[in-house]
Number of protein chains: 2
Amino acid sequence: MSTNVRRAPAKKALPHPDLREIPVYLVLRALGEPLRLGIVRSLARAGRPMNCSSFGLSVSKSTSTYHFRVLRESGVISQFEEGTSRYSELRETELEQRFPGLLTAILAAEESAAAE
Amino acid sequence: MSTNVRRAPAKKALPHPDLREIPVYLVLRALGEPLRLGIVRSLARAGRPMNCSSFGLSVSKSTSTYHFRVLRESGVISQFEEGTSRYSELRETELEQRFPGLLTAILAAEESAAAE
DNA sequence: GCAATGGTACGATGAATCTCGTAGTACGAG
DNA sequence: CTCGTACTACGAGATTCATCGTACCATTGC
């Protein structure tokens, strides 16, 4: 942070699937797991890319890498690298276009299920 | 069908979970499988209880029993016995109340994914 | 009663999933 | 260059899932 001069972002992209080729059951399967649903909920709440390590997941690093990959390969999140860390972001707009109302309904449901 | 006199319905009920105790990820997991999603889609299209054997599933009897049980235990369908066969029905109203918009979004998505 | 129909329950088996540890890579600070 | 940070990839183990065959139980019809 020594300067505010434009720096090279170094945002390396990772392979992401085309949402049009993702059947809905793959998205449902990806979200049908508490840890992954929690990740998605955090991302939706944040509304911006999040560092993988800022989720406070109570599993090992390799396990969380695995879950992030499942989410990415089912088209739910996108990831890019910046410097030494990897950021994840909800593919909210694309999901809404491909599966209208789905993410909204799931997130709303999750809120009301927080009691249990 | 010899008479149209009121007959004892013999609708034996099976144990069904209370939707309020079903977390959303269980429903998503149940629907995250092509065969089960197909069953749900058929039920939604029919709009009334369907005989288990009228789905034309291309799996063995025991396998389809298994999938129907998963759907029932995750609160997606209800089943009752009538005579020699068992009928399944979408718990559409209850699902809509518990997870507003979820089923609608999933079924709509499934329609548009029929191309692939 | 006897057989046919339509389904269940109970293993068993192979595949997929989830978890982890270890080893390794890439970047930034010093 | 060396160290620490933030991850990944790979391989292994345990658990769950999907499928099936066989045996079995109700109901209907003869």
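Residues numbered from 1 in each chain as written. Chains lettered and ligands numbered in written order. Predicted model: local features only at pLDDT ≥ 70, side-chain atom pairs only at ≥ 80, totals over all residues. Heavy atoms only, no water.

Asks: Can you break down the nonpolar core residue by residue, with the values?
Replies: In this structure, Leu 31, Val 76 and Leu 102 of chain A together with Leu 31, Val 76 and Leu 102 of chain B are the most contacted members of the largest nonpolar core, which totals 52 residues. Sorting the residues of this core by element identifies α1 (24–31), α2 (34–46), α3 (61–73) and α5 (102–112) of chain A together with α1 (24–31), α2 (34–46), α3 (61–73) and α5 (102–112) of chain B as the ones contributing at least two each. Those residues within four positions of Leu 102 of chain A in sequence are excluded, and the remaining contacts are Val 24, Val 27 and Leu 28 of chain A together with Leu 102, Ala 105 and Ile 106 of chain B. (Core = buried A, V, L, I, M, F, W, Y, C linked by side-chain atoms within 4.5 Å. Buried < 20%, exposed > 50% of the residue type's maximum accessible area, 1.4 Å probe, protein only. Helix = DSSP H or I, 4+ residues; strand = E, 2+ residues; numbered from the N terminus. Contact = heavy atoms within 4.5 Å.)

Asks: Got a sec to walk through the environment of Ala 109 of chain A? Specific residues and values, please.
Replies: In this fold, Ala 109 of chain A is placed in helix α5. Ignoring sequence-local partners within four residues, the contact set of Ala 109 of chain A consists of Val 24, Arg 98 and Phe 99 of chain B.

Asks: Account for the interface of chain B and chain A, naming residues and giving values.
Replies: Listed per partner, the contact involves 20 residues of chain B and 20 residues of chain A. When the buried surface of chain B facing chain A is broken down by residue, Val 24, Tyr 25 and Leu 28 of chain B rank first, second and third, together holding 25% of it. Our enumeration of links across chain B and chain A arrives at zero salt bridges. For the pair chain B and chain A, the number of links is two residue pairs in polar contact (both at pLDDT 80 or more). Elements represented by at least two residues in the side of chain B that touches chain A include exactly α1, α2 and α5 of chain B. Of the residues forming the side of chain B that touches chain A, the biggest block, six residues, is contributed by α5 of chain B. (Buried area = accessible area lost by both parts, 1.4 Å probe. Salt bridge = Lys/Arg side-chain N within 4 Å of Asp/Glu carboxyl O. Polar contact = N/O pair within 3.5 Å; in protein donor to acceptor, adjacent residues only side chain to side chain.)

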